[in-house]
Amino acid sequence: PRLVSRRRPASSARAPSTPARVVTHAMSSTRDQAVAARSASRQLQNLSSEKRAELLCAIADALEANEPAIMAANAEDMKTAEAANTEPNLMNRLKMKPGKIAQLAEGARQIAAMPEPIARTLSKMEIADGLALEQVTAPLGVLLIIFESRPDALPQIASLAIRSGNGLLLKGGKEAQNTNAVLHRVIVECFPRFGVARECIVLVEGREAVSDILKLNDVVDLVIPRGSNDLVSYIQNNTKIPVLGHADGVCHVYIDEKANLDMACRLAVDSKTDYPAACNALETLLVHASHVASGAWEEKIKPAMLQAGIELFGGKIAAKSLKLPPCPALRHEYGRPAMTVETVDHLDAAIDYIHANGSAHTDCVITDDARVASEFLRRVDSACVFHNCSTRFSDGFRMGLGAEVGISTSRIHARGPVGVEGLLTTRWLLRGRGHYSDKDTAVKYTHRVLPTDEQWMYRAMGYVGLAIGIANAAHIGMSLYNLRKK
């Protein structure tokens, strides 16, 4: 499809006054692609924060301007997938629904408006007199992102990489190859006028290329697979590159003894039916046994689930006590309007069940008991733990991150929805005046913690607030004194 270029006003979309040299050439190997992505990422990092923000806004405009071409390519992919009898849940992920382009553009603009993430000072310390150490944020480098079926993931991931100064190698599913190709062209055609090579974001084609890239642990810094359990397991078992992501999205909702049942039914239905194939969709509903004894399960909770079109299966206890067909497994991700139901006698049993059968993705408690809510939030060891809200809020866009490259259940580096912050590492900057060690005899260590610029600002705001408080107190005191004199 023909692409349209829509530029922002000259004041905000002009190229840098001294643009870096943009190099474009045919890539002869996956190593060449990865090396070129790293080189182009350094051009991206050299842009000012304002210019990177302008680039993202230009991309948002280009996505909106090219919506007809993107939707036409997606319709072509949908037609091919339908002819190939693709599974319904994959078809649902593949389809670009009305309003999706506007949402993607808004996400890019949100990310553009975020504070500058690169070279942000995290800590400062005086090592010795005149020798100052600073820890700052820095881009990871080159990322390989593999995603299945969902073409809307491409602009989300690209936006996060641009804001954080990372190079990208993207591998989408073959089902979305036409949509991905158009989205990729729309994005990279915005690069040259900002002095950044198109190779900063590379669209990788073919499974063989992915296998080759997985061997490039000296060039690629992180792999983030977004897709099935099989995909994530394959990546983890076939590379030395660090892998960030999750293999399963087995999310739980626990309806406590003191839950508002109208709220509980509404949240459980939304968690399951809003997008049944999503990794943050509800898969197991835990119901306090008191709701079975009181009749609330048969009279209220079960009818609400069935009316919403949800197929119910039972865990070890519920299959017998609630007369439900047995679930395929206690840890099972349905990916469709179906869920496992299990009954528990108390909070400890619910938490133990989640830890034994969950995937540490997103788990929620529905209760009006503040103590139960606090215990659940503190003790459940998952990336996202909620109280009285849908599991569908476990999402980068909904959490205000602009977008996400994925949701991580790892305990190293990043956890939960991974936005800009999850694509950063740190560096150490040491500034001296000719200091040297000589087996530590030539230096007197002070190791004095210094406030960062941000901490200075908060401290100054505190002093201003204190001064205003004192002034107000003095004014009130004088007013009362004058009233007494009268």
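Everything quoted here is computed from the prediction, not taken from an experiment. (Residues numbered from 1 in each chain as written. Predicted model: local features only at pLDDT ≥ 70, side-chain atom pairs only at ≥ 80, totals over all residues. Heavy atoms only, no water.)

**Describing the environment of Val182**
Turning to step 1, where the next piece is worked out: Following the sequence through the fold, Val182 ends up in helix α8 (residues 177-188).
Turning to step 2, where the next piece is worked out: Each C-alpha atom of the pair Val182 and Ile70 lies 6.1 Å from the other, and the pair is 112 residues apart in sequence. (Helix = DSSP H or I, 4+ residues; strand = E, 2+ residues; numbered from the N terminus.)

**A short note on a nonpolar patch on the surface**
Turning to step 1, where the next piece is worked out: Together, Ile476, Leu480 and Leu483 line one region of the surface with nonpolar side chains, adding up to about 320 Å² of accessible area.
Turning to step 2, where the next piece is worked out: For Leu480, the position within the fold is in helix α17 (residues 453-485). (Patch = residues over 30% accessible without salt bridge, like charges linked within 9 Å, V, L, I, M, F, W, Y side chains within 5 Å. Areas by Shrake-Rupley, 256 points an atom, 1.4 Å probe, with all protein chains shown as cover. Salt bridge = Lys/Arg side-chain N within 4 Å of Asp/Glu carboxyl O.)

**Focus on the pattern of salt bridges**
Opposite charge on two side chains permits pairing when their charged atoms draw close.
Turning to step 1, where the next piece is worked out: For the structure on display, the rule yields 24 salt bridges.
Turning to step 2, where the next piece is worked out: Here Glu126 and Arg448 are joined by a salt bridge, their closest N and O atoms 3.2 Å apart. Pair noted here: Glu126 is in strand β1 (residues 121-128) and Arg448 is in strand β16 (residues 445-450), with a separation of 322 residues, a long-range link.
Turning to step 3, where the next piece is worked out: In this structure, Arg150 engages Asp152 in a salt bridge whose closest nitrogen and oxygen atoms are separated by 3.1 Å.
Turning to step 4, where the next piece is worked out: For Arg150, a relative accessible area of 23% puts it in the partly exposed group.
Turning to step 5, where the next piece is worked out: A cluster of three or more residues bridged by salt bridges with shared partners is formed by Asp348, Glu375, Arg378 and Arg379. (Buried < 20%, exposed > 50% of the residue type's maximum accessible area, 1.4 Å probe, protein only.)

**A word on helix α15 (residues 347-357)**
Turning to step 1, where the next piece is worked out: Inspection of α15 places Leu347, Ala350, Ile351, Tyr353, Ile354 and Asn357 among the buried residues, and these make up the whole buried set. The arc that holds every buried residue of α15, seen down its axis, measures 160°, which confines them to one face.
Turning to step 2, where the next piece is worked out: Summarising the contacts, the buried residues of α15 are in contact with β7 (251-255), β8 (282-288), β10 (338-344), β11 (362-366) and α16 (370-379). (Arc of directions from axis to C-beta. Contact = heavy atoms within 4.5 Å.)

**Here we look at the nonpolar core**
Turning to step 1, where the next piece is worked out: Grouped together as the largest cluster of nonpolar side chains are 56 residues, with contacts concentrated most on Leu168, Leu170, Phe191 and Ile201.
Turning to step 2, where the next piece is worked out: The leading source of residues in this core is helix α3 (residues 49-65), at eight residues.
Turning to step 3, where the next piece is worked out: When neighbours within four sequence positions are excluded, Leu170 is seen to be in contact with Ile145, Phe147, Leu154, Ile157, Ile201, Val202, Leu203 and Val204.
Turning to step 4, where the next piece is worked out: Counting residues in each nonpolar core, the second largest holds 28 residues, with Ile255, Leu261, Ala318 and Ile366 among its members. (Core = buried A, V, L, I, M, F, W, Y, C linked by side-chain atoms within 4.5 Å.)

**Some points on helix α10 (residues 229-237)**
Turning to step 1, where the next piece is worked out: Within α10, burial applies to Leu231, Val232 and Ile235. Along the axis of α10, the buried residues cluster in a sector spanning 95°; they form a single face. Facing away from the buried side of α10, by more than 90 degrees, are the exposed residues Asp230 and Asn237.
Turning to step 2, where the next piece is worked out: Contacts made by the buried residues of α10 are with β3 (142-147) and β6 (222-226).

**Some thoughts on the packing of aromatic side chains**
Turning to step 1, where the next piece is worked out: Applying the stated criterion across every chain, the model contains one aromatic pair.
Turning to step 2, where the next piece is worked out: Summarising the aromatic geometry, the rings of Phe313 and Tyr334 are spaced 5.6 Å apart at their centres and angled 15° between planes, so their arrangement reads as stacked. Here the residue Phe313 occupies a position in strand β9 (residues 311-314), and Tyr334 occupies one in the loop between α14 (318-321) and β10, the gap between them amounting to 21 residues. Each member of the pair, Phe313 together with Tyr334, is buried.
Turning to step 3, where the next piece is worked out: The ring of Tyr275 has Lys97 lying over it, and the distance from NZ or CZ to the ring centre is 5.9 Å. (Phe/Tyr/Trp six-rings, centres within 6.5 Å; stacked < 30°, edge-to-face > 60°. Lys NZ or Arg CZ within 6 Å of the ring centre and 35° of its normal.)

**A short note on the sheet that holds strand β12 (residues 384-387)**
Turning to step 1, where the next piece is worked out: Spatially, β9-β10-β8-β7-β11-β12 is the arrangement adopted by the six strands of the open sheet, whose pairing is parallel. Since the sheet does not close on itself, it has two edges, and those belong to β9 and β12, each with one partner. Taken pair by pair, the neighbouring strands of this sheet meet at an average axis angle of 20°, ignoring direction.
Turning to step 2, where the next piece is worked out: Relative to β8, β7 is paired through five bridges, and the arrangement is parallel. In the sheet register, Tyr254 faces β8, and the bridge partner there is Leu286.
Turning to step 3, where the next piece is worked out: Against the sheet, helix α11 (residues 261-273) engages β7, β8, β10 and β11, with an angle of about 160° to β8. (Pairing = 2+ DSSP bridges. Axes fitted to C-alpha atoms, helices over the stretch in contact; angles between N-to-C directions.)

**Considerations on the pairing of β12**
Turning to step 1, where the next piece is worked out: Strand direction decides the pairing type here: β11 and β12, joined by four bridges, are parallel. The partner of Val365 across the bridge, within β12, is His387.

**As for the packing of helix α4 (residues 67-83) against α8**
Turning to step 1, where the next piece is worked out: Put simply, α4 and α8 touch, their axes get as near as 7 Å, and they point 160° apart. With respect to their mutual orientation, α4 and α8 come out roughly antiparallel. Remark: the crossing between α4 and α8 carries right-handed chirality. For the pair α4 and α8, contact is made by Ala69, Ile70, Ala73, Asn74, Glu76 and Asp77 and by Gln177, Asn178, Thr179, Val182 and Leu183, respectively. (Parallel < 35°, antiparallel > 145°, perpendicular 65-115°, else oblique. Left-handed = near helix turned anticlockwise from the far one by under 90°.)

**Brief notes about the sheet that holds β6**
Turning to step 1, where the next piece is worked out: Read from one edge to the other, the open sheet built from four strands follows the order β5-β4-β3-β6, with strand pairing classed as parallel. Each edge of the open sheet is held by one strand with a lone partner, namely β5 (201-203) and β6. Between one strand axis and the next, the sheet turns by 15° as a mean value, whatever way the strands run.
Turning to step 2, where the next piece is worked out: Of the pairings in the sheet, the one linking strand β4 (residues 167-172) to β5 comprises three bridges and is parallel in character. Across the sheet, the residue bridging to Leu170 is Leu203, located in β5.
Turning to step 3, where the next piece is worked out: Sheet contacts for helix α7 (residues 153-164): β3, β4, β5 and β6; angle to β4, the most-contacted strand, approximately 170°.
Turning to step 4, where the next piece is worked out: Packed on one face of the sheet, α8 meets β3, β4 and β5 and runs near 160° to β5.

**A closer look at the layout of surface pockets**
Turning to step 1, where the next piece is worked out: Looking at the largest pocket, its volume works out to about 1100 Å³.
Turning to step 2, where the next piece is worked out: Listing elements by their share of the lining of the largest pocket, those giving two or more residues are α5 (88-94), α6 (100-112), α7 and α10.
Turning to step 3, where the next piece is worked out: By residue number, the principal contributor to the lining of the largest pocket is α6, which donates six residues.
Turning to step 4, where the next piece is worked out: Here the lining of the largest pocket is built from residues that sort into 16 nonpolar, 17 polar and 16 charged.
Turning to step 5, where the next piece is worked out: If you add up the space inside the second largest pocket, you get close to 470 Å³.
Turning to step 6, where the next piece is worked out: Lining the second largest pocket we find 17 residues, and of these Ile146, Glu148, Lys171, Arg207 and Leu231 sit closest to its centre.
Turning to step 7, where the next piece is worked out: When residues of the lining of the second largest pocket are traced back to their parent elements, those giving at least two are β3, β4, α9 (207-213) and α10.
Turning to step 8, where the next piece is worked out: In the lining of the second largest pocket, the residues fall into seven nonpolar, five polar and five charged. (1 Å grid on protein atoms, 1.4 Å probe; cavity = no way out; pocket = protein on both sides within 12 Å on 5 of 7 lines; lining within 4 Å. Points joined across faces, edges and corners; volume = space filled by probe spheres on them. Nonpolar A, V, L, I, M, F, W, Y, C, P; charged D, E, K, R; others polar.)

Limitation: the analysis is restricted to geometry and does not speak to function.
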